[in-house]
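Structural overview for review
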Amino acid sequence: MTAPLTPSQPPHDRPEDGNADSSGPDNPWREPARSSGYAAELAHEEGGAPVPTDLKADVRDAVVIAVAVAASGVLLGLLWLWLAPTVPLIADKTNVYLKDTEGEQAIGVDGTFALLGLAFGLVSAVVVFLVRRRGGIPLVVGLAAGGLLGAVLAWKVGVWVGPETDVAAHARSVGAGVVFDAPMELKAKGVLLAWPVAAMVAQLVLTGLFGPRDPEPFSSYERV
């Protein structure tokens, strides 16, 4: 003999298929609605149409950023030529010598380029972050590539615009015993990496600290 179901005795078993509408809004056992993004991922996993992404837009933006950052290397080259110390040379009738054999001007030339590269890397990362807070791997790669190209361009601009690179011809033109400036050159080529490394690190730090956060994943079933 069975007792009738009363309001004080709620059912605890999930209703079998066909006994109740499992898709009704009042059914606590119904599955939560899937988002459109989840449905697209599910379709992709099951062999359906590929999930649309904005990878092309990210790559296009990365190329634009790389070109813009590289072009700013002209400014770095001019600043390097202006701020770096000059290396004085002097010549006699046969040879060219350093006027100050114990001077550290050559080290100062490399150091000035490195400091300017670090500053340009930081500034370029901040500007790119303000324009594109979303970040992303293509953006970081484009920023680093643009920084390296910009550093090489700055080095070449400093050499082209700076003093005569043909030291012997320059010495003959000024005459024996006259002091003249040595051509701009980098003794340590590793300073070319100051800009791209600083830009990449600054971009990653800014994105990690102030970039948008991904939404927290929700559970498949909510506790009733």
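Rules used in this analysis
Along every chain, residues carry numbers that run from 1 in the direction the sequence is written. Local features in this predicted model are restricted to residues whose pLDDT is 70 or higher, and side-chain atom pairs enter the listing and the counts only when it is 80 or higher, whereas totals over whole chains, interfaces and linings include all residues. Based on all heavy atoms of the structure, the side-chain values leave hydrogens and waters out of the count. Between Lys or Arg on one side and Asp or Glu on the other, a salt bridge is scored when a side-chain nitrogen of the former is within 4 Å of a carboxyl oxygen of the latter. The numbering of helices and of strands both runs from the N terminus, where a helix is a DSSP run of H or I of at least 4 residues and a strand a run of E of at least 2. For every residue, the accessible area obtained with a 1.4 Å probe (protein chains only) is divided by the maximum for its type, and the residue is called buried under 20%, exposed over 50%, and partly exposed between those limits. Within the patch definition used here, like charges are joined within 9 Å and nonpolar side chains (Val, Leu, Ile, Met, Phe, Trp, Tyr) within 5 Å, considering only residues with over 30% relative accessible area and no salt bridge. Methods summary: accessible areas were calculated by the Shrake-Rupley approach with a probe of 1.4 Å, and residue burial reflects only the protein chains presented. For our purposes a nonpolar core is just a set of buried Ala, Val, Leu, Ile, Met, Phe, Trp, Tyr and Cys residues, chained together by side-chain atoms within 4.5 Å. Any two residues having at least one pair of non-hydrogen atoms within 4.5 Å are treated as being in contact. We treat two strands as partners when DSSP finds at least two bridges between them. Site definitions follow a grid-based scheme: protein atoms alone, a 1 Å grid, a 1.4 Å probe that fits but cannot get out for cavities, and for pockets an open set with protein on both sides within 12 Å along at least five of seven lines, plus lining residues having an atom within 4 Å of a point. Grid points are joined across faces, edges and corners, and a volume is the space filled by probe spheres set on the points. By convention, a stacked pair of Phe, Tyr or Trp rings (six-membered ring in the case of Trp) has centres within 6.5 Å and planes under 30 degrees apart, an edge-to-face pair has planes over 60 apart, and any other such pair is tilted. By definition here, charges over rings are those cases where NZ of Lys or CZ of Arg is within 6 Å of the ring centre and within 35 degrees of the ring normal.

Attention shifts here to the pattern of salt bridges. Inspection of every chain in the model, using the stated rule, returns 3 salt bridges. Note that R132 and D58 form a salt bridge whose closest N and O atoms lie 3.2 Å from each other. Note that R132 is positioned in the loop between α4 (105-131) and α5 (137-161) and D58 in helix α2 (residues 55-71), a separation of 74 residues in sequence. Per residue, the accessibility class of R132 equals that of D58, and both read buried. Among the ionic pairs, D61 bridges to R132, the shortest N-O distance being 2.4 Å. Note that D61 is positioned in helix α2 and R132 in the loop between α4 and α5, a separation of 71 residues in sequence. A cluster of three or more residues bridged by salt bridges with shared partners is formed by D58, D61 and R132.

A cluster of nonpolar side chains, L148, V152, L193, V197, V201, V205, L209 and F210, forms an exposed patch at the surface whose accessible area comes to about 680 Å². The set of elements that each furnish at least two residues to the nonpolar patch consists of α5 and α7 (194-210). With 5 residues, α7 is the single largest residue contributor to the nonpolar patch. By the element assignment, V197 lies in helix α7.

A word on the nonpolar core. Counting residues in each nonpolar core, the largest one holds 31 residues, and the members touching the most others are L76, W80, F113, L143, W155, L186 and W195. For this core, the secondary structure elements donating two or more residues are α2, α3 (73-83), β1 (88-91), α4, α5 and α7. Take this core: its biggest share by element is 7 residues, from α4. Not counting the four nearest positions on each side in its chain, L143 is found in contact with I65, V69, S124, A125, V128, A199 and Q203.

The pairing of β1 with strand β3 (residues 180-181) spans 2 bridges and is antiparallel. Counted as the bridge partner of P88 is D181 from β3. Bridge analysis of β1 against strand β2 (residues 96-98) gives 3 bridges, and the strand direction is antiparallel. By the bridge assignment, I90 is partnered in β2 with Y97.

Moving on, we come to the layout of surface pockets. Over the atoms, a rolled probe matching the size of one water molecule traces out where space is still vacant. Of the voids in this model, the largest pocket is the one considered here, and its volume is about 270 Å³. Along the walls of the largest pocket sit 20 residues, with V87, L98, A106, E185 and K187 positioned nearest its centre. Those elements giving two or more residues to the lining of the largest pocket turn out to be β1 and α4. The greatest single-element share of the lining of the largest pocket, amounting to 4 residues, is contributed by α4.

All right, on to the packing of aromatic side chains then. Any pair of aromatic rings gets described here by the distance separating the centres and the angle formed by the planes. Under the criterion given, the structure shown has 2 aromatic pairs. Centroid distance W80 to F113: 5.1 Å. Interplanar angle 85°. Geometry classified as edge-to-face. One end of the pair, W80, is in helix α3; the other, F113, is in helix α4, with 33 residues separating them in the sequence. Judged by its relative accessible area of 0%, W80 falls in the buried class. A relative accessible area of 1% means that F113 is categorised as buried. Looking at K156, its charged tip hangs above the ring of W155, at a distance of 4.2 Å from the centre.

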